[in-house]
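These are the residues of each chain, in order.
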Amino acid sequence: MMSGVLAKRAFLLLAFLFSGGISLTAQSVDFKILQPFDRVYYNSNIPTVEVMARAGRYFNSHGELECTINSGDSVLYRFSQYFMAAMGDSAKLSFSFNLSPGFYRVDLKSEGRHIGGCVIGYEPEMIETDSEIPDDGGSFGQYWSEKIEELSTYPKLASEKKIKELSKGSRDIYKVSINSYGGRSIECYYSVPRQKGRYKAVVRLVNLSDSLTFEKLERQLASDTLSDRIILAAQAGESIDVVRLIDFLQEKEEVLLGNIFAEGCGKAAARAMIASAIDKRIAAVALFAPVSEYAGLDTPLYGNLYVAAENIDKPVLFGVDMDGAIADPSENFALYNRLKCEKSYYIFPDKGRLLLWDSLKRNFFDKNTR
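Residues numbered from 1 in each chain as written. Predicted model: local features only at pLDDT ≥ 70, side-chain atom pairs only at ≥ 80, totals over all residues. Heavy atoms only, no water.

### A word on the pattern of salt bridges
Note on pairing: side chains with opposite charge can pair once their charged atoms come close.
Now for step 1: All told, the structure shown has 25 salt bridges when counted by the stated rule.
Now for step 2: In this structure, the salt-bridge partner of Glu251 is Lys156, at a minimum N-O distance of 3.4 Å. Of this pair, Glu251 sits in the loop between helix 3 (239-250) and strand 15 (255-265) while Lys156 is found in the loop between helix 1 (139-151) and strand 10 (157-162), placing the two residues 95 residues apart along the sequence.
Now for step 3: Assessed through its relative accessible area of 30%, Lys156 is described here as partly exposed.
Now for step 4: A salt bridge links Lys252 to Glu160, with the nearest nitrogen and oxygen atoms 3.1 Å apart. You can see Lys252 sitting in the loop between helix 3 and strand 15 and its partner Glu160 sitting in strand 10, a full 92 residues away along the chain.
Now for step 5: Here Glu160 falls in the partly exposed class, since its relative accessible area comes to 31%.
Now for step 6: Members of the salt-bridge network, linked through shared partners, are Lys147, Arg184, Glu238 and Asp241. (Salt bridge = Lys/Arg side-chain N within 4 Å of Asp/Glu carboxyl O. Helix = DSSP H or I, 4+ residues; strand = E, 2+ residues; numbered from the N terminus. Buried < 20%, exposed > 50% of the residue type's maximum accessible area, 1.4 Å probe, protein only.)

### Re the nonpolar core
The nonpolar side chains of a soluble globular protein tend to be buried with one another.
Now for step 1: Within the largest apolar cluster, 64 residues are counted, with the highest numbers of intra-cluster contacts made by Tyr190, Leu245, Leu249, Phe318 and Leu339.
Now for step 2: For this core, the leading source of residues is helix 4 (residues 267-278), giving nine residues.
Now for step 3: Grouped together as the second largest cluster of nonpolar side chains are 25 residues, Ile69, Ala85, Leu93 and Ile115 included. (Core = buried A, V, L, I, M, F, W, Y, C linked by side-chain atoms within 4.5 Å.)

### A short note on the sheet that holds strand 11 (residues 171-179)
Think of a sheet as strands paired side by side through backbone hydrogen bonds, with each pair either parallel or antiparallel.
Now for step 1: With respect to topology, nine strands assemble into an open sheet ordered 10-11-12-14-13-15-16-17-18, the strand pairing being mixed. With one partner strand each, in any of the chains shown, strand 10 and strand 18 (343-348) form the two edges of the open sheet. Strand-to-strand, the axes of this sheet are offset by a mean angle of 20°, without reference to chain direction.
Now for step 2: Inspection of the sheet shows strand 13 (residues 199-205) paired to strand 14 (residues 229-234) by six bridges, in the parallel sense. The residue bridging Lys200 from the neighbouring strand is Arg229, located in strand 14.
Now for step 3: Docked against the sheet, helix 3 engages strand 10, strand 11, strand 12 (185-193), strand 13, strand 14, strand 15 and strand 16 (282-288), running at close to 155° with respect to strand 13.
Now for step 4: Across the sheet, helix 4 touches strand 13, strand 15 and strand 16, and the angle it forms with strand 16 is around 155°. (Pairing = 2+ DSSP bridges. Axes fitted to C-alpha atoms, helices over the stretch in contact; angles between N-to-C directions. Contact = heavy atoms within 4.5 Å.)

### Comments concerning the pairing of strand 13
Now for step 1: Burial of strand 13 is extensive: seven of the seven residues sit out of reach of the surface.
Now for step 2: As defined by bridge partners, strand 13 adjoins strand 15 across five bridges and the pair is classed as parallel. Within the sheet, the bridge partner assigned to Val203 lies in strand 15 and is Ala262.

### Digging into the side chain of Ser177
Now for step 1: Within the secondary structure, Ser177 sits in strand 11.
Now for step 2: When sequence neighbours within four positions are dropped, the list of residues in contact with Ser177 reads Leu157, Ala158, Ser159, Ser185, Ile186 and Glu187.

### Details of helix 4
Now for step 1: Under the 1.5 Å per step criterion, the end-to-end length of helix 4 is 17 Å for twelve residues, consistent within 8% with the ideal 16 Å.
Now for step 2: The buried count for helix 4 comes to eleven of twelve residues, which makes it a mostly enclosed element.
Now for step 3: Three or more residues of helix 4 are buried, namely Ala268, Ala269, Ala270, Arg271, Ala272, Met273, Ile274, Ala275, Ser276, Ala277 and Ile278. (Expected span 1.5 Å × (residues − 1).)

Written as structure tokens, this is what we have:
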């Protein structure tokens, strides 16, 4: 894997949608979308969608398969091919086309019925944003420097209480309330190994939802068996809150200074991204599908992720959600491609995403521990 400002191609050859494809049934035919190149193509590979149409054991099949290539709400290509397959046999259909760098939705229909689809990518490392990126002239850094200076006028710790019923085995867990900018309170959990020593610390930013509550977060931390790191899990409302979380860790004698990391997913990743651009104490950051909290031409400069990307000077691990359930992959790559620091990316189809990402970011933090 190359280092420096060069983008690092790192594909997870995941078992996407079962054994290399997805089976779809329309009337008497089974369709399977083949998945070469993990659905991402580079300049030596012409984007191609291959579909296998298989007839049943006791009858011949024929029909028409329609394939559309979509960019957002726009249809770029619409193809159709006629197929015939003897009983128990199959016919292979292939659709090839030219694309600009980006990610695209493929939809398939047969006899007027939608039978499935997938997302494909082409030349992700060449994707650029359509938005105009302002020249900040140093105002990004100035804005955040002034805000951090004002943050220092607020007292840090409001309360810290050990959760006895969860502090078992190799870790102690504390519920902490920390004062942040404007006197806001950040509720978080501090999980630390019981073995005396100094440890790397990971600020885990979370987006609480119906599926992830503070109670579930408590149980997750209690079940974490990693005994070589501290975890501070919090729902930070703004990037300045992440700076305050770092302030909290800096004063802990068990924290190995110079080895504080940050991570987040979606909006939490956006906050972690800006924080890593404005706080030199963060050693490295892992971002999964960052989603900007702002949209449109009125995006304030201090919240512009493209500007933040150009101000990051530490290693970045970037996870891309290919199917766009969290963030648009084209927008994420346009953001990734603005990074000038040491960086690497992984592209994830939906299946198996979270478990693999957890393993990757653990190894990433270990690699960057000093």
